[in-house]
Amino acid sequence: MESYKLFHSFDNGVTWKPVTTQPITENSVSWTIPKVKKNTAACRTKVIGYRGTMKVGTDKSDRPFTIEVLKLENPNGGEPPFSSGQEVTITWSTHTPIRPVNKVKLSYSLDSGLTWKPFLFQPPVGSDPGSHTVQLPMVTRTKSNCKVKVVLKTVTISRWGVT
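Description of the structure in this document. (Residues numbered from 1 in each chain as written. Predicted model: local features only at pLDDT ≥ 70, side-chain atom pairs only at ≥ 80, totals over all residues. Heavy atoms only, no water.)

Focus: the side chain of H132
No. 1: Counting through the fold element by element, H132 comes out in strand β10 (residues 131-135).
No. 2: Residue H132 is classed as buried on the basis of its relative accessible area of 17%.
No. 3: Engagement of the side chain of H132 in a polar contact is seen with the backbone oxygen of F121, the distance being 3.3 Å.
No. 4: Dropping the residues within four chain positions of it, H132 is found in contact with V88, T89, I90, W92, L106, F121, Q122 and P123. (Helix = DSSP H or I, 4+ residues; strand = E, 2+ residues; numbered from the N terminus. Buried < 20%, exposed > 50% of the residue type's maximum accessible area, 1.4 Å probe, protein only. Polar contact = N/O pair within 3.5 Å; in protein donor to acceptor, adjacent residues only side chain to side chain. Contact = heavy atoms within 4.5 Å.)

What follows is the structure, encoded as structure tokens:
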């Protein structure tokens, strides 16, 4: 009888964890992707085939793949130039983070991400709306290396307030 063991790696195959605890006898299996703390770009899967107890083959993903917690949808490059002070709607997708998201921080960089500043108006605490309209900063000359950053946060409420 042929069986398979399936493994996953989040560090490009340096370490492997089993996907199931029992050998698989089918040629495919549904896999609930583990929750990750942040976007993880060095993921791989590996399968080992057995005939009885004898290992008969092994294969792994040809290239690493990414498991996303957060994906910035807009702006994400390729848009027409924005104007100084223009209102822009930032949109993002959130995919099952480890902890519930109840705060989002939006910031921008005018120097390719060397320094970051928060947008003046942030989404309300207690929400992950997936989009928020912001006003771009006023600049005196054209900036071509601008970036937007979305950070998901878990807010802890103590008797002293929100942290």
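Considering the sheet that holds β10
No. 1: Spatially, three strands are ordered β6-β7-β10 in an open sheet, and the strand pairing comes out antiparallel. The open sheet has two edge strands with one neighbour each: β6 (70-74) and β10. Taken over all neighbouring pairs, the strand axes of this sheet differ in orientation by 30° on average, direction set aside. (Pairing = 2+ DSSP bridges. Axes fitted to C-alpha atoms, helices over the stretch in contact; angles between N-to-C directions.)

A word on the nonpolar core
No. 1: Membership of the largest hydrophobic core comes to 14 residues, with the highest contact counts inside it found for I90, W92, V104, L106, F119 and V150.
No. 2: Listing elements by their share of this core, those giving two or more residues are β6, β7 (87-94), β8 (103-109) and β11 (147-153). (Core = buried A, V, L, I, M, F, W, Y, C linked by side-chain atoms within 4.5 Å.)

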